[in-house]
Structures are given as C-alpha cells and as structure tokens.
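Close look at the chain arrangement
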Amino acid sequence: MLLFYIRHGEPIYDPNRLTPLGERQAEALARRLARYGLDEIYVSPSHRARQTAEPTQELLHLTPTVLDWCNEDLAWGEFTVADAEGHRRWVYQDAEARKLLVSPEIAALGDDWYRHDYFRSHACGDGTARIRANTYAFLESLGYRFDPASRTYTAVAPNEKRVALFAHEGFGMAFLSSVLGIPYPLFSTHMGLGHSSMTVIRFANSTTDTEVIPEMLQLSNDSHLYAENLPTRYNGETPI
C-alpha cells in the first residue's frame, strides 16, 4: 500500500479557504495524482483540506471519506503553547518549546516526551494519545495493524492500494510521527510540510510474510508545482 499524506494548499485561515494560488496548487496536485490514480481518498473536515481534495476527487471520480479526528482545530487545542503576550503557536514553532523539544532531557523520555513538566501542563499528552489511537485504527482499517511491542505493523490484509489523506501540517506532525514510530519532538522540529505538498509512505518490504516496516519515500514533495511553473516557495516564504 502507498499512503499519500497531503497538506492543503495555500490558505486563508479566516475565512477558512484556499487563496487563488492555493486553488491552482490543488489543481496541479490533482493532475499529478491522476497520472497514476488513487483507490481511496480521505479528508479532514476543514474546508481548506476538502477544497484541496476537490480537483483530485473530480478527476478520479472518487467520493472522499471525512475523518473528523483529523480536524486541525482539535490538534491546535492540544499541541500549542501561549507566549508572554498570549499569542498561541505550535509547540514546534514556539522558541522556548522548540529548544526544549530538541533537548537531551526530552530525548530521554522517548515516546513519553509529553510527561516533561513543561508539557504536562498542556494537553499534549491527551492529543498524542488521541491521534495515536485513531491513526492505528485507521491503518488497521486499511489492512495494517500496529504492534506496539515490535513497533512494526502486521499486514492483516496486504494490498496494493493507493490511499490519500488530505489534511494539515500541525495535525500531520503528530499523525506522521505516529505512523512511522518517530518521536514527535524529533519529527516536528526537523521536518516541514509545505502547501499542497505530498508525503508518501510505503507499507511493503516485509521482514517476514506479515511484518511490515513502513518507509517514507517522499517528504513534502511539491514537484507538481514545478511542473506547472507555480512558485515553489516553502509556505510562501523561502524560494526552493
């Protein structure tokens, strides 16, 4: 199975929708995905994610399944901190929290990083548990059951499906770190997801007949933008 994790196109957060450039990004993405096809599409309930998926579902004649647990608003309430002025930021973007996330003391906590005193007072633990549980249930519904003891997956129904999930960056940090078994502090501080970018994970290369270790084949790939002469700037900032 190939799992395509796709962040929404360039957004306007209020009101919640894509910019004109974001709409063009979504169309370019759809033409790329249509070249090889998809079997199933899943979307966050957020309008900007659903709007990004629309050109793809129209070209491929697929009806998306809405996953309420992927809503960015839920993750925002769990993985953000407030600065001295009361402005909220994702923990991996806040200067103080970001420095702590890469510290040896957080590394020593591994998967239980949220038990650190700084994060214990926030909802990071609840958010981690919620997204992990839903992620593993979702993947099992696709044929791959997570085994916490071995940190691998059992292929209960191995398949060659191509599945896409259209969602967000903030939520995606917790989702992708859960899928790959990479601690959230390490993943969120060292990885980025650009607008309309595609991250591809392959469930194959079993070490036994049923054991699967997922591989990230691509991270934040935006070659569809380059192919159609659209700006290739990371989140509208740094030209790449």
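These remarks concern the structure in this document.

Quick word on helix 2 (residues 47–60)
In this model helix 2 runs 20 Å from its N-terminal to its C-terminal C-alpha over 14 residues, within 8% of the 20 Å that 1.5 Å per residue would give. Maximum bend of helix 2: about 35 degrees, positioned at Glu-54, with proline Pro-55 one to four residues after it. Within helix 2, burial applies to Arg-48, Ala-49, Gln-51, Thr-52, Ala-53, Pro-55, Thr-56, Gln-57 and Leu-60. Directly after helix 2, the chain includes His-61, whose backbone phi takes a positive value near 55 degrees.

Looking at the sheet that holds strand 1 (residues 2–7)
Ordered in space as 5-4-10-1-11-13, the six strands form an open sheet in which the pairing is mixed. Unpaired on one side and paired on the other, strand 5 (65–66) and strand 13 (215–221) mark the two borders of the sheet. Bridging between strand 1 and strand 11 (residues 198–202) involves five bridges; their strand directions are antiparallel. Bridging from a neighbouring strand, Tyr-5 pairs with Thr-199 of strand 11.

What about the sheet that holds strand 9 (residues 152–155)?
Overall, antiparallel pairing links the three strands, which are arranged 8-9-12 in an open sheet. Because the sheet does not close on itself, it has two edges, and the strands there are strand 8 (144–147) and strand 12 (211–212). In this structure, strand 8 lies alongside strand 9, joined through four bridges in antiparallel fashion. Across the sheet, the residue bridging to Arg-145 is Thr-154, located in strand 9. Lying on the sheet, helix 7 (residues 124–141) is in contact with strand 8 and strand 9; it crosses strand 8 at an angle near 140 degrees.

Structural notes on the packing of helix 1 (residues 20–36) against helix 2
Contact geometry of helix 1 with helix 2 gives a least axis separation of 8 Å together with a crossing angle of 35 degrees. Note on packing geometry: the crossing formed by helix 1 with helix 2 is right-handed. Within the contact between the two elements, helix 1 uses Glu-23, Ala-26, Glu-27, Leu-29, Ala-30, Arg-31, Leu-33 and Ala-34 and helix 2 uses Gln-51, Thr-52, Pro-55, Thr-56, Leu-59 and Leu-60. Along the lines of polarity and charge, the residues of the contact of helix 1 with helix 2 split into eight nonpolar, three polar and three charged.

Quick look at the layout of surface pockets
Here the largest pocket is characterised by a volume of approximately 250 Å³. Contributing to the lining of the largest pocket are Arg-7, His-8, Tyr-13, Arg-48, Glu-72, Asp-73, Trp-76, Trp-90, Tyr-92, Gln-93, Glu-169 and Gly-170. If you list the elements that add at least two residues to the lining of the largest pocket, you get helix 3 (72–78) and helix 8 (169–180). When residues of the lining of the largest pocket are assigned to their parent elements, the largest contribution, three residues, is made by helix 3.

A word on the state of the cysteines
Inspection of every chain in the model, using the stated rule, returns zero disulfides. With no disulfide of its own, Cys-70 has Cys-124 as its nearest cysteine by sulfur position, at a separation of 18 Å. For Cys-124, a relative accessible area of 0% corresponds to the buried category.

Observations regarding the side chain of Glu-40
Along the chain, Glu-40 falls in strand 4 (residues 40–43). A distance of 2.6 Å separates a polar atom in the side chain of Glu-40 from a polar atom in the side chain of Tyr-42. Each residue touching Glu-40, except ones within four places of it in the same chain, is listed here: Leu-62, Leu-142, Lys-161, Arg-162, Val-163 and Ala-164.

Thresholds, definitions, all that
- Residues numbered from 1 in each chain as written.
- Predicted model: local features only at pLDDT ≥ 70, side-chain atom pairs only at ≥ 80, totals over all residues.
- Heavy atoms only, no water.
- Helix = DSSP H or I, 4+ residues; strand = E, 2+ residues; numbered from the N terminus.
- Expected span 1.5 Å × (residues − 1).
- Bend = angle between axes of the 7 residues up to and from the residue.
- Buried < 20%, exposed > 50% of the residue type's maximum accessible area, 1.4 Å probe, protein only.
- Pairing = 2+ DSSP bridges.
- Contact = heavy atoms within 4.5 Å.
- Axes fitted to C-alpha atoms, helices over the stretch in contact; angles between N-to-C directions.
- Left-handed = near helix turned anticlockwise from the far one by under 90°.
- Nonpolar A, V, L, I, M, F, W, Y, C, P; charged D, E, K, R; others polar.
- 1 Å grid on protein atoms, 1.4 Å probe; cavity = no way out; pocket = protein on both sides within 12 Å on 5 of 7 lines; lining within 4 Å.
- Points joined across faces, edges and corners; volume = space filled by probe spheres on them.
- Disulfide = S-S within 2.5 Å.
- Polar contact = N/O pair within 3.5 Å; in protein donor to acceptor, adjacent residues only side chain to side chain.

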